[in-house]
Amino acid sequence: MSLAVIQMVSQSDVLANLAQARRLLEQAAAGGAKLAVLPENFAAMGRRDIADIGRAEALGEGPILPWLKQTARDLKLWIVAGTLPLPPLDQPMAKANACSLLINDQGDTVARYDKLHLFDVDVADNRGRYRESDDYAYGSGVVVADTPVGRVGLTVCYDLRFPELYSELRAAGAELITAPSAFTAVTGAAHWDVLIRARAIETQCYILAAAQGGTHPGPRETFGHAAIIDPWGRVLAHQDQGEAVLLAERDIDEQASIRARMPVASHRRFFSQGAQRPASEHEFKA
């Protein structure tokens, strides 16, 4: 069992969330996982002091980054740290990014992905309005990194609605793509399953979709349904609500076979900008 996806129900207390995450990561390591993916906002949900949390971490005064490094070392586990607020490395006082870190089993940061697409959306739930750009700055790059389980591309939550990002990750050599998320209950029920399966099918990658699944401060209700999807779009592991550790194995030979039998990457066509106008009835008759 080389892959693990974790579902949490994170609250506002950072230290309590880290204790919960540690327990779940220990289960993942005990199950044989080499890489585990934590959900979006794993360390805190419903906090309004995002800037303060990010600044403290950037200045080496917060608990989250030291915890990540120590946990990875203790468990000999590669960890995708869902998201945490972090400003740019050289600008600790700047606006934070929604940052997904890849930590290796020695506790070193191997890659950093800053969420490209921010969730500025109106939703028909008890909160109604989400504006991530109030708290976070937009990311600007595509990130792929080598790990013991394969070449991993990093995405976050709302990114799932933008297939061009996933196409770029596949073109950059991704074999697995992480999607730590905190989908709302409303948007998740409508679109979560079809989105994670579609991204797997079109990229022929494993999708490691960690999730938040429950009720949080705010009030906020998240959809859950964390899953591991294989390159053929099959659901290998799944959890509706509540905390969970999902385990699955990457089948390298089968993935290579899928890509060889249906070589969509080499079939991809490019087209000029602008849609052609439809032909008139007269032109069809001509």
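Residues numbered from 1 in each chain as written. Predicted model: local features only at pLDDT ≥ 70, side-chain atom pairs only at ≥ 80, totals over all residues. Heavy atoms only, no water.

Re the pairing of strand β16 (residues 235-239)
In step 1: Two strands pair when backbone bridges link them, and strand β15 (residues 226-229) and β16 are joined in this way by four bridges, in the antiparallel orientation. Residue Ile229 lies in a different strand from β16, and its bridge partner there is Val235.
In step 2: Linking β15 back to β16 in an antiparallel pair, the connection comprises five residues, with Gly233 at a positive phi of about 90°. (Pairing = 2+ DSSP bridges. Helix = DSSP H or I, 4+ residues; strand = E, 2+ residues; numbered from the N terminus.)

A look at the environment of Ala265
In step 1: The residue Ala265 is located in helix α7 (residues 264-267) in this model.
In step 2: Residue class for Ala265 comes out partly exposed when judged on its relative accessible area of 45%.
In step 3: Sequence-wise, Ala265 and Tyr158 are 107 residues apart; in three dimensions their C-alpha atoms are separated by 24 Å. (Buried < 20%, exposed > 50% of the residue type's maximum accessible area, 1.4 Å probe, protein only.)

Comments concerning the packing of aromatic side chains
In step 1: For the structure on display, the rule yields five aromatic pairs.
In step 2: For the ring pair Tyr158 and Phe162, a centre distance of 5.3 Å and an interplane angle of 85° mean the geometry is edge-to-face.
In step 3: Classification of Tyr158 as buried rests on a relative accessible area of 17%.
In step 4: Grouped by ring-pair contacts, the aromatic residues Phe119, Tyr130, Tyr158 and Phe162 constitute a single cluster. (Phe/Tyr/Trp six-rings, centres within 6.5 Å; stacked < 30°, edge-to-face > 60°.)

A look at the sheet that holds strand β9 (residues 150-154)
Adjacent strands of a sheet pair through backbone hydrogen bonds, lying either parallel or antiparallel.
In step 1: If you trace the six strands from one edge of the open sheet to the other, you get β8-β9-β10-β11-β15-β16, paired in mixed fashion. The open sheet has two free edges, formed respectively by β8 (144-147) and β16, since each of these has just one partner strand. Put simply, the sheet's adjacent strands are angled 20° from each other on average, direction ignored. (Axes fitted to C-alpha atoms, helices over the stretch in contact; angles between N-to-C directions.)

Some remarks on the packing of helix α4 (residues 163-171) against helix α5 (residues 185-203)
In step 1: Orientation of α4 relative to α5, taken along the N-to-C sense of each, is 35°, at an axis distance of 10 Å. You can see that α4 and α5 cross each other, and the crossing is right-handed. Across the interface between the two elements, Pro163, Tyr166 and Arg170 from α4 touch Arg199, Glu202 and Thr203 from α5.
In step 2: Across the contact of α4 with α5, the residue classes break down as two nonpolar, one polar and three charged. (Left-handed = near helix turned anticlockwise from the far one by under 90°. Contact = heavy atoms within 4.5 Å. Nonpolar A, V, L, I, M, F, W, Y, C, P; charged D, E, K, R; others polar.)

Considering the confidence of the model for the protein
In step 1: In the predicted model, the protein carries a mean pLDDT of 94, and the fraction of residues at 70 or more is 95%.
In step 2: Confidence drops under pLDDT 50 across residues 281-286; counting only partners more than four residues distant or on other chains, this segment forms two contacts. (pLDDT = per-residue confidence, 0-100.)

A word on helix α3 (residues 64-75)
In step 1: In this model, α3 (12 residues) spans 16 Å end to end at C-alpha, consistent with the 16 Å of a helix rising 1.5 Å per residue.
In step 2: Among all positions of α3, only Ile64, Leu65, Trp67, Leu68, Thr71, Ala72 and Leu75 are buried. Viewed end-on, α3 has its buried residues packed into an arc of 160°, placing them on one side of the element.
In step 3: Contacts from the buried residues of α3 go to α1 (14-30), α2 (50-58), β3 (78-86) and β4 (97-103). (Expected span 1.5 Å × (residues − 1). Arc of directions from axis to C-beta.)

A few points about the pairing of strand β5 (residues 109-114)
In step 1: Bridge count for β4 against β5 is five bridges, and the pairing is antiparallel. The residue bridging Cys99 from the neighbouring strand is Asp114, located in β5.
In step 2: A loop of five residues connects β4 with β5, the two strands running antiparallel in sequence, and Gly107 in this loop sits at a positive phi of about 85°.

A look at the layout of surface pockets
In step 1: Here the largest pocket is characterised by a volume of approximately 390 Å³.
In step 2: Sort the elements by how many residues they give to the lining of the largest pocket and strand β7 (residues 129-131) lands first, with three residues.
In step 3: Of the residues in the lining of the largest pocket, the class split is seven nonpolar, three polar and nine charged.
In step 4: Roughly 200 Å³ of volume is contained in the second largest pocket.
In step 5: Around the second largest pocket, the lining residues are Ser167, Arg170, Ala171, Glu202, Thr203, Val264, Ala265 and Arg268.
In step 6: Elements with a minimum of two residues in the lining of the second largest pocket: α4, α5 and α7.
In step 7: The biggest single contributor to the lining of the second largest pocket is α4, with three residues.
In step 8: Of the residues contributing to the lining of the second largest pocket, the split by class is three nonpolar, two polar and three charged. (1 Å grid on protein atoms, 1.4 Å probe; cavity = no way out; pocket = protein on both sides within 12 Å on 5 of 7 lines; lining within 4 Å. Points joined across faces, edges and corners; volume = space filled by probe spheres on them.)

Quick word on the nonpolar core
In step 1: Counting 47 residues, the largest nonpolar core has Val5, Leu35, Leu160, Ile196, Ile207 and Leu208 as its most contacted members.
In step 2: Ignoring sequence-local partners within four residues, the contact set of Leu160 consists of Tyr166, Ala179, Ser181, Phe183, Trp192, Leu195, Ile196 and Arg199.
In step 3: In this structure, Ala21, Ala28, Leu75 and Ile79 belong to the second largest nonpolar core, which totals 30 residues. (Core = buried A, V, L, I, M, F, W, Y, C linked by side-chain atoms within 4.5 Å.)

What about empty space enclosed by the protein?
In step 1: Counted under the stated rule, the structure contains two cavities of 30 Å³ or more.
In step 2: Taken as a whole, the largest cavity spans an internal volume of roughly 90 Å³.
In step 3: Every residue along the wall of the largest cavity is listed here: Glu40, Lys115, Phe119, Glu132, Cys157, Tyr158, Arg161, Ala182, Phe183, Thr184, Thr187 and Arg220.
In step 4: Of the volumes computed, that of the second largest cavity is approximately 70 Å³.
In step 5: Lining of the second largest cavity is provided by Asn41, Ala43, Ala44, Ile50, Ile53, Thr83, Leu84, Pro85 and Tyr136.

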